[in-house]
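This is what each chain is made of:
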Amino acid sequence: MKLKFLAVFGLAATLCSCDDETVGIGQFIVDDELIDAKAASYNVTTQSLLLDSVYSRSSTAYLGKFTDKDYGTFSSDFLVQINCPENFSLPDKLEDIVEAKLGLYYTDYFGDSLSTLRVQVDTLNTVIKDDGKDKNLYYSNLDPKKYYDATTPFLAVKDYAAYDKTVSDSIRNATDSYGNKTYYPNVSVDLGKDFCKYLLDKYNETKEVNGQTVHPNFRDSEAFIKNVLKGFYVHTTQGEGSILYVSDIYLSLKLSYWDKTDEDKDTLLTGYVQMASTKEVFMSSRFKNANLDELKSDPERTYLKTPAGICTEVTLPLKDMFDAHQKDTLNSISVSFQKLKSQEAGPFKMGTPSRLLMVRKSDMKSFFEDNKVNDNKTSFIASYDSKTATYQFSKLNRLTSYIFSEIRPEVEKGEAAWNKWVTEHPDWNKVVLIPVTTESDSQGNIIGVENDLNVNSAMLVRGVEGDPSSNEENQITMNVIYTQPKQR
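Residues numbered from 1 in each chain as written. Predicted model: local features only at pLDDT ≥ 70, side-chain atom pairs only at ≥ 80, totals over all residues. Heavy atoms only, no water.

Caption draft 1: Expanded view of the overall build of the protein chain. Looking only at helices and strands, the protein chain features eight helices and 25 strands. Expressed as a percentage of the 488 residues in the protein chain, the buried residues total 45%. The long-range share in the protein chain, meaning contacts at least 24 apart out of those at least 6 apart in sequence, stands at 77%. Taken as a whole, the protein chain presents about 25600 Å² of accessible surface, with 46% of it coming from carbon and sulfur. The average position of the 55 basic charges and that of the 71 acidic charges among the side chains of the protein chain differ by 2 Å. (Helix = DSSP H or I, 4+ residues; strand = E, 2+ residues; numbered from the N terminus. Buried < 20%, exposed > 50% of the residue type's maximum accessible area, 1.4 Å probe, protein only. Contact = heavy atoms within 4.5 Å. Areas by Shrake-Rupley, 256 points an atom, 1.4 Å probe, with all protein chains shown as cover. Lys, Arg positive; Asp, Glu negative; His and termini not counted. Charge placed at Lys NZ, Arg CZ, Asp CG, Glu CD.)

Caption draft 2: Examining the side chain of S140 more closely. You can see S140 is positioned in the loop between β7 (117–123) and β8 (156–160). Among the polar contacts made by the side chain of S140, one reaches the main-chain amide nitrogen of V54 at a distance of 2.9 Å. With near-sequence residues (within four places) excluded, S140 lies in contact with S53, V54, S56, S285, R286, F287 and A308. (Polar contact = N/O pair within 3.5 Å; in protein donor to acceptor, adjacent residues only side chain to side chain.)

Caption draft 3: The packing of aromatic side chains, seen in detail. Considering all chains together, one arrives at 23 aromatic pairs under this definition. On the basis of an interplanar angle of 50 degrees and a centroid distance of 6.3 Å, the ring pair of F195 and F232 is categorised as tilted. Within this pair, whereas F195 is found in helix α2 (residues 193–203), its partner F232 is found in strand β12 (residues 232–238), the two being separated by 37 residues in sequence. For the pair formed by F195 and F232, the shared burial category is buried. (Phe/Tyr/Trp six-rings, centres within 6.5 Å; stacked < 30°, edge-to-face > 60°.)

Caption draft 4: Summary view of the pattern of salt bridges. Within this structure, the stated rule accounts for 16 salt bridges. Of the charged contacts in the structure, one is a salt bridge between R219 and D220, with a shortest N-O distance of 3.6 Å. Taking the relative accessible area as the measure of exposure, R219 reaches 44% and is therefore partly exposed. Owing to a relative accessible area of 18%, D220 belongs among the buried residues under this scheme. In this structure, the salt-bridge partner of R301 is D298, at a minimum N-O distance of 3.2 Å. What makes D298 buried here is its relative accessible area of 11%. One network of salt bridges, in which partners are shared, links E313, K361 and D427. (Salt bridge = Lys/Arg side-chain N within 4 Å of Asp/Glu carboxyl O.)

Caption draft 5: Seen up close, unusual backbone geometry. Here the bond from T306 into P307 is cis, since omega is -5 degrees, no more than 30 degrees from zero. Tracing the backbone shows P307 in the loop between β16 (301–306) and β17 (310–315). Phi is positive for N291, close to 65 degrees, though the residue is something other than glycine. Among the secondary structure elements, N291 is positioned in the loop between β15 (283–289) and α4 (293–296). Within the chain, A389 stands out as a residue other than glycine whose phi angle is a positive 55 degrees. Its location among the elements puts A389 in the loop between β20 (379–385) and β21 (390–393).

Caption draft 6: Seen up close, the pairing of strand β5 (residues 72–80). In terms of burial, β5 is largely enclosed, as eight of its nine residues are buried. Where strand β4 (residues 61–68) lies against β5, five bridges are found, and the strand directions are antiparallel. Looking at the pairing, D68 lines up with G72 of β5. In sequence, β4 turns back onto β5 through a hairpin of three residues. Where β5 meets β15, seven bridges bridge the pair, whose relative direction is antiparallel. Within β15, the residue paired with S75 across the bridge is K288. In terms of strand pairing, β5 meets β12 through three bridges, oriented antiparallel. (Pairing = 2+ DSSP bridges.)

Caption draft 7: Representation of helix α7 (residues 397–411) in the model. Here α7 contains 15 residues, and its C-alpha end-to-end distance of 19 Å stays within 8% of the 21 Å for a straight helix at 1.5 Å per residue. Taking the largest bend as the criterion, α7 deviates by roughly 30 degrees, centred on S405, and proline P409 comes between one and four positions later. Listing the buried residues of α7 in full gives N397, L399, T400, I403, F404, I407 and E410. (Expected span 1.5 Å × (residues − 1). Bend = angle between axes of the 7 residues up to and from the residue.)

Caption draft 8: Main features of the confidence of the model for the protein chain. Predicted confidence across the protein chain gives a mean pLDDT of 89, with 90% of residues reaching 70 or more. Confidence drops under pLDDT 50 across residues 1–32; counting only partners more than four residues distant or on other chains, this segment forms 66 contacts. (pLDDT = per-residue confidence, 0-100.)

Caption draft 9: Structural detail: the environment of I97. If you trace the backbone, I97 turns up in strand β6 (residues 94–111). Take I97: its relative accessible area is 1%, and that puts it in the buried class. Counting along the chain gives 218 residues from I97 to T315, while the straight-line C-alpha distance between them is 61 Å. In this structure I97 touches K193, C196, L199, L200, L253, K254 and L255, once residues within four positions along its chain are discounted.

Caption draft 10: The pairing of β21, seen in detail. Bridge count between strand β18 (residues 329–340) and β21: four bridges; the pairing is antiparallel. Bridged to F337 within β21 is Y391. The pairing of β20 with β21 spans two bridges and is antiparallel. By the bridge assignment for β21, Y384 is matched with Y391. Between β20 and β21, which pair antiparallel in sequence order, lie four residues; one of them, A389, sits at a positive phi of approximately 55 degrees.

Caption draft 11: Spotlight on the environment of D70. For D70, the position within the fold is in the loop between β4 and β5. According to the relative accessible area criterion, D70 is partly exposed, its value standing at 26%. A polar contact is formed between the side chain of D70 and the side chain of K69, at a distance of 3.2 Å.

Caption draft 12: Quick peek at the environment of L340. Structurally, L340 is set in strand β18. Once you skip the residues sitting within four places of it in the chain, L340 turns out to touch R301, M459, L460 and V461.

Caption draft 13: Just the packing of helix α5 (residues 318–325) against α7, in detail. The N-to-C vectors of α5 and α7 enclose an angle of 80 degrees; their axes lie 11 Å apart at closest approach. In terms of orientation, α5 and α7 fall into the roughly perpendicular class. Here L318, K319, M321 and F322 of α5 lie close against α7, whose contacting residues are T400, I403, F404, I407, R408 and V411. Of the residues assigned to the contact of α5 with α7, the class counts are seven nonpolar, one polar and two charged. (Axes fitted to C-alpha atoms, helices over the stretch in contact; angles between N-to-C directions. Parallel < 35°, antiparallel > 145°, perpendicular 65-115°, else oblique. Nonpolar A, V, L, I, M, F, W, Y, C, P; charged D, E, K, R; others polar.)

Shown next, in the form of C-alpha cells:
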C-alpha cells in the first residue's frame, strides 16, 4: 500500500463585520501527482425567529419580572408539587401544626437586588399527572389557569427583594467548620393558620390496617397530591426589577407535640419537618416576553434572547452547493456568526449566551423533548469566543452530506418534482441557533443539552443575500474546502 500524505495549510475565515477573509488552500499529495484542495464561499441568510415557548423541563424555577430597554418586559412564574415520601409520619402525639411556610431558596438572581416585588401563592385545584406522556406540560407557555381558580382567594402573599436587608451580616456571612457558608438566600412565605389546620385535619384522617393506625392521605406523593395538596402556583403580582433562580423549594412545618423528658414527664415540645419539591413530582416554569415583534424585522441584526424569547434562523445555500459540488468530496465546511456589542448603558446588562446549538429547524422540538445531545451530523454546538466575539461552527460537511443524500432523489426527478418537494418541505435547508446549557462527563464529553433558561441575550450580524466576495459587513459566508481527485 503506497504511503499518502495530507498537508493542509491553515484556513482562517473571520465572518460578519468588516474583517478581511483569508483562505489557505491545502493539497493531497499522492505519489508525485497533486490533488488540489479548492475553496469556495456561499452566502448565508439569517433572520430572527420568535419563540412562543421552549421546552423548559428543569430543576430550577424562575420567579420575577424585569423590563429591558431593548427586549421589553419579561416575567416568570411556576407551578410546583410537593413530594410526600412513602409512609410519611409526624410525631405520634402530635398536638398542632403551628406554622407552615413555603421556602423558595435561590442560588442566583438577575437584576436589581433591592427592587421590591410581591409574590402570591395559590393552591392548585386540578391534579397534574406527570407520567412523561404529555410533553406540553413542560413548555414555557403552560397556562396556569387550567390548574387553579384565579377567582378564589389566594393562599398567601409576601413582599420581597433579592437581597433581604432584614438578614444580619453575621447570619449572612456565617460558615461551618469547613468554611462553607451556611446562609442560603430565600423567600419564606407564611401560608397561614387556616392552611395549618387543613393539613392537620387531613393528617388526622386515619384508618386501621393490620392493627396499626395509618395516615392514608400521607401514604406517598400520589396520595398526598390527590387528597391533600395538588400543588402551588407561585407568581409575582406587583413590582419588577429582578428574576430569582430558585433551586430548592420546601414546605416547612413547625409542629408542637407531646413527649416525655428525662424526668419521665409529659412535655409539649416544638419540632420542624420539611417536605420538598423533588424530581419525582411536577415543577414547570412559565415565561412571558413582551415587545419582541419589532426585533424580528431589524434589517441589520438578528437576536438571541433567553429564556424563550427569540432565536436566529439560518437559511443555508445548500441547493447552490449541491449543484456545484454533488460529485466532489467536501472536506471542510464552516461558518461563523458575529456578535455585535450591546449599546445598552443600563446597570443590569444581560449575560451573553455561552453556547449555541445549531439544529435543523424541523428537528428543534424533538431534540429537546427526546433529551438528545449534539451528534455533529444534524446538530452542533459552538462556544462563544470572547476574543473574536463569534460563534464558529465547523464540520458542517457532515450536515451538508446528510442533506445532499436526502435531496438527491428529489432533484433527480426533475424541476417540477423538485419544486413540489420544496413546497412541501419549506424548512429543508434551514437551521436554528438556540442558546443552550450543557452537561459534560469527567472526560469532557457532552451528555446533556437543555434550553438556556437564564436571562441572556445577544445581537448578531444579520446575513442578507448578495455576492459572498463583496466583503460587505452584513455578509455571512459558508466556507467550503473540497477536493476533485483526477480521473485516470
